[in-house]
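# Architecture at a glance
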Amino acid sequence: MIKNKVTLNFIQKYTSILNDFLKTNLPTSITNSQLSASMQYSVFAGGKRLRPLLLLAMVKTTETKVDLNTIQVAASLELLHTYSLIHDDLPAMDNDDLRRGVPTNHKKYGEALAILAGDGLLTLAFEWLTTTKYNSQIISQLTQSLAHAAGPAGMVAGQASDVLGEKEQLTFEQLKQLHKQKTGALITYTAEAAGIITNSNSETQKDLKIFAENFGLAFQIFDDLEDVLGTEKMMGKAVHKDAGEHKNTYPGIRGLTQTKRDLIQCVTNCQSALIRLQNSGVSIELLQGFLEYFQLNEEEK
Ligand code: GRG
């Protein structure tokens, strides 16, 4: 999928560092053994670690060293992301049996424990975020930014619009807003967090944010496209589900051809933000490699 050597090496190195951090610190943070098994099941179910990796890549791009505190902030984001997936899969929400090719949390541990595993991961994310050795101003800014991104003006609002909008046809603008909140907010947080940690100037922070906002939208558009074009084997989860459930999706509202154009536009916007960053003197190769994620294979084009 991704061929850029700089990005590939970075992903390999930091996925391993993130996984080690999670393996060391997650079990010791939970006191109930069944809850622990349920939380660990989803955290170690084979996620790509995309959000923490993006956060670390942005820190690196601004030529700031990634240290253990940065890893802890990145890992806390993965906990929060995992909570959102567990709750999203529940019968009351998307009612999914498979995620990442294995049974969803509630299928394996039951609904009660799945809800609690999500609650545990959400709250632990903030515990980890607030116990780094960054100074109190950075911690306070990171906490506010993550709470805003994940909460009722961000991801939770997007999920509410999704669940409530299922029975009606959304307009394109409503769909874009839904995606911006549901999937985009956490990805945009990666840029905000990197800006806070590195104390970057306002132009750099602005361009990182434009990159992340467009990356987030591209990510959701790509997921919608794969749901139409991909196979269950490729995706590790049920596909063609959105259309079957009359969900509001990019292909459903925009049509396939325009959806592919929308994806290309988002990637172009990401590239323009990177060029501006490059003009300010930083190397953009690492972040450029992440854009290769959005390549459709030959049959899908
Ligand atoms: C339950 C409050 C609440 C929110 C759920 C993000 C979300 C909100 C639901 C996920 C819906 C979904 C499947 C969107 C498609 C894009 C997406 C977020 C996919 C999952 O993220 P990946 O691909 O997952 O990064 P991995 O498995 O790699 O961790």
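The structure this text deals with has already been given above.
What you are looking at is a predicted structure, and each value in this text was computed from that prediction instead of being measured.

## Observations regarding the site of the ligand
As a structural note, the neighbourhood of the ligand is formed by 18 residues, with K48, R51, H81, R100 and D223 the closest of them. Between an oxygen atom of the ligand and a side-chain N or O atom of K48, the distance comes to 2.4 Å. One of the side-chain N or O atoms of R100 is found 2.5 Å from an oxygen atom in the ligand. Every element with two or more residues in the shell around the ligand is listed here: helix 4 (68-89), helix 8 (155-165), helix 9 (172-198) and helix 10 (202-229). With six residues, helix 4 is the single largest residue contributor to the shell around the ligand. Here the shell around the ligand is built from residues that sort into five nonpolar, seven polar and six charged.

## Things to note about empty space enclosed by the protein
Inspection of every chain in the model, using the stated rule, returns two cavities of 30 Å³ or more. Quantified by volume, the largest cavity comes out at close to 90 Å³. What lines the largest cavity is a set of 13 residues, and nearest its centre among them are S42, D89, R99, R100 and N105. Elements with a contribution of two residues or more to the lining of the largest cavity: helix 2 (33-43), helix 4 and strand 2 (102-103). No other element matches helix 4, which puts four residues into the lining of the largest cavity.

## Some words on the environment of K23
Summarising the element assignment, K23 is placed in helix 1 (residues 5-25). Between the alpha carbons of K23 and Q40 there is a distance of 8.7 Å; along the sequence they are 17 residues apart.

## Digging into the packing of aromatic side chains
Given two aromatic rings, one states the distance between the centres and the angle between the planes to describe the pair. As enumerated under the stated definition, the model contains 10 aromatic pairs in all. Summarising the aromatic geometry, the rings of F10 and Y14 are spaced 4.7 Å apart at their centres and angled 45° between planes, so their arrangement reads as tilted. A residue pair is termed a helical-turn pair when its members lie 3 or 4 positions apart in one helix, as F10 and Y14 do in helix 1 at four residues. Among the residues examined, F10 registers a relative accessible area of 5% and is labelled buried. Measuring from ring centre to ring centre gives 5.4 Å for F21 and W128, while their planes differ by 85°; the resulting arrangement is edge-to-face. Pair noted here: F21 is in helix 1 and W128 is in helix 6 (residues 111-130), with a separation of 107 residues, a long-range link. As far as burial versus exposure is concerned, F21 and W128 are alike and both buried.

Definitions and limits used
Residues numbered from 1 in each chain as written. Predicted model: local features only at pLDDT ≥ 70, side-chain atom pairs only at ≥ 80, totals over all residues. Heavy atoms only, no water. Near = heavy atom within 4 Å. Polar contact = N/O pair within 3.5 Å; in protein donor to acceptor, adjacent residues only side chain to side chain. Helix = DSSP H or I, 4+ residues; strand = E, 2+ residues; numbered from the N terminus. Nonpolar A, V, L, I, M, F, W, Y, C, P; charged D, E, K, R; others polar. 1 Å grid on protein atoms, 1.4 Å probe; cavity = no way out; pocket = protein on both sides within 12 Å on 5 of 7 lines; lining within 4 Å. Points joined across faces, edges and corners; volume = space filled by probe spheres on them. Phe/Tyr/Trp six-rings, centres within 6.5 Å; stacked < 30°, edge-to-face > 60°. Buried < 20%, exposed > 50% of the residue type's maximum accessible area, 1.4 Å probe, protein only.

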